[in-house]
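Chain and residue survey
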Amino acid sequence: MLKILHTADWHLGKRLQEFSRLEEQKLVLDEICLIADQEQVDLVLLAGDIFDSFNPAHEAVELLYKTLRRLSKNGTRPIIAISGNHDSTQFVEAPDPLARELGILFYSRYDSIIPCGKLDSGVEIRNSESGFIELKLPQFDFPVRIILAPYANEVSLRTYLGEENREAEFRNLLAGKWQDLALRYCDTSGVNLFVGHFFFMKEGEKPEAEPESERPILHVGGTKALFTQNIPSQIQYAALGHLHRYHAVSQESCPIVYSSSPLAYSFSEADQEKKLVLIEAQPENKVAYRAIGLKQGRPLFRVKFDKLSDTLAWLAENPYCFVEITFETESSIDAATRKAILKAHDGVVNLIPQLKQQAGQESFSLHVDDLDKDMESLFKLYYQSEKGQEPNPQLLGLFKEIISQNDPS
């Protein structure tokens, strides 16, 4: 039985506003390596967004190379890593000739072809072409076929696309390419896998929300999603990256699964358990898979208080976390309260005031009829709807000064 580890969206170098996450990333990647060893994993799939930016810091690059060397067990455990929409295609593929000797295969461009040949570890690359690789691991008598689908934007594919109905054409282009590869290579004598970094959904269903920390995928023609039916029926497991929570999109033809990011990278992910996926596969049969929770890294919390004592007590009980605090107050958070909260904890990322609505106070909101009012009246209504009180004379005076400077008369 072939054991595969599926992980994605490492976002190495990612910060939470001014807070570095690098030390947490070291801890959670160490946890991933330990799980791979404990589970005796044979193959690793890293489904994109390896880095958080096109030009990652030296520390993030060093962490990646050290982690992948350990994860590859000096070349005996192959790693297939594709690029995501946060990755530079050139940067991801740059180390490939050296990394390949350790069984680490980077793939980021659809015109790239990984060279065939036998590695020192005994792993053999038997077949390779654009978007596809076939491996033979020495401990198994069957091959492993992998359709490679790194993130592709309009620039990388526009030469293949016409001007009409580009959204459907984009889907059809990729689906046709994948189907062609599957028909030619993915028979029942081997294990057939797909690894991609796209926004997949079932056609006709409401799409999953993309995380706040994720750069939204906008494909050619503005389409945001590919459909699960675009993955060939020969595939036994589709390992996806981009959504930061664990999510099995479909089970119909095969499991199509987002593994999740290893850490929570925004407060929209505060309630998510981060995971990786372990798959057991053999030719011709359905795979078995299970998600394994990751424990390292600071959890993220969103909390609300209206008393300083309650806030400080909660912070004392939860020292190892990042937190976004909404503090209910009559007017604003005074300097002493703000200072006490920020001094009590080293992980307060946001401290947001929320004004309490007084009993009997009118609830202000803007309506279409209000658009006939003058700018000063509209500003007062807007301020009241947002803050629950009228703007003070100094703020109102500043607003009048601004609009007078922009008055074309």
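Residues numbered from 1 in each chain as written. Predicted model: local features only at pLDDT ≥ 70, side-chain atom pairs only at ≥ 80, totals over all residues. Heavy atoms only, no water.

1. A short note on the overall build of the protein
Looking only at helices and strands, the protein features ten helices and 21 strands. Taken over 409 residues, the protein has a buried fraction of 52%. Considering only residue pairs separated by 6 or more positions, the protein has 66% of its internal contacts joining residues 24 or more positions apart. Of the roughly 19700 Å² of accessible surface on the protein, a fraction of 49% belongs to carbon and sulfur atoms. (Helix = DSSP H or I, 4+ residues; strand = E, 2+ residues; numbered from the N terminus. Buried < 20%, exposed > 50% of the residue type's maximum accessible area, 1.4 Å probe, protein only. Contact = heavy atoms within 4.5 Å. Areas by Shrake-Rupley, 256 points an atom, 1.4 Å probe, with all protein chains shown as cover.)

2. A few points about the environment of isoleucine 352
Within the secondary structure, isoleucine 352 is located in strand β21 (residues 348-355). The sequence separation of isoleucine 352 and isoleucine 325 amounts to 27 residues, and the corresponding C-alpha distance is 6.1 Å. Those residues in contact with isoleucine 352 that sit more than four places away from it in its chain are Glu324, Ile325, Thr326, Phe327 and Ile333.

3. Regarding the packing of aromatic side chains
For the structure shown, the criterion picks out 13 aromatic pairs. Pairing phenylalanine 140 with phenylalanine 142 gives two aromatic rings, centres 5.3 Å apart and planes at 45 degrees, and the pair type is tilted. What makes phenylalanine 142 buried here is its relative accessible area of 10%. With 4.1 Å between their ring centres and 10 degrees between their planes, phenylalanine 379 and phenylalanine 399 make a pair best called stacked. (Phe/Tyr/Trp six-rings, centres within 6.5 Å; stacked < 30°, edge-to-face > 60°.)

4. Description of the confidence of the model for the protein
For the protein, mean pLDDT is 85; residues scoring 70 or higher make up 84% of the total. Contacts of residues 159-164 to residues separated by more than four positions or lying in other chains number nine contacts, the stretch itself having pLDDT below 50. Segment residues 217-223 is flagged for pLDDT under 50; beyond a separation of four residues in sequence, or across chains, it makes 27 contacts in the model. (pLDDT = per-residue confidence, 0-100.)

5. Here's the deal with unusual backbone geometry
Backbone geometry places glutamine 17, a non-glycine residue, at a positive phi of 55 degrees. Within the chain, aspartate 49 stands out as a residue other than glycine whose phi angle is a positive 55 degrees. By the element assignment, aspartate 49 lies in the loop between β4 (43-47) and α2 (58-71). Residue classification places aspartate 49 among the buried positions, given a relative accessible area of 0%.

6. Considerations on the environment of glycine 293
Looking at where glycine 293 falls in the secondary structure, it is placed in strand β18 (residues 288-293). Residues glycine 293 and valine 277 lie 16 residues apart in sequence; the distance between their C-alpha atoms is 8.8 Å.

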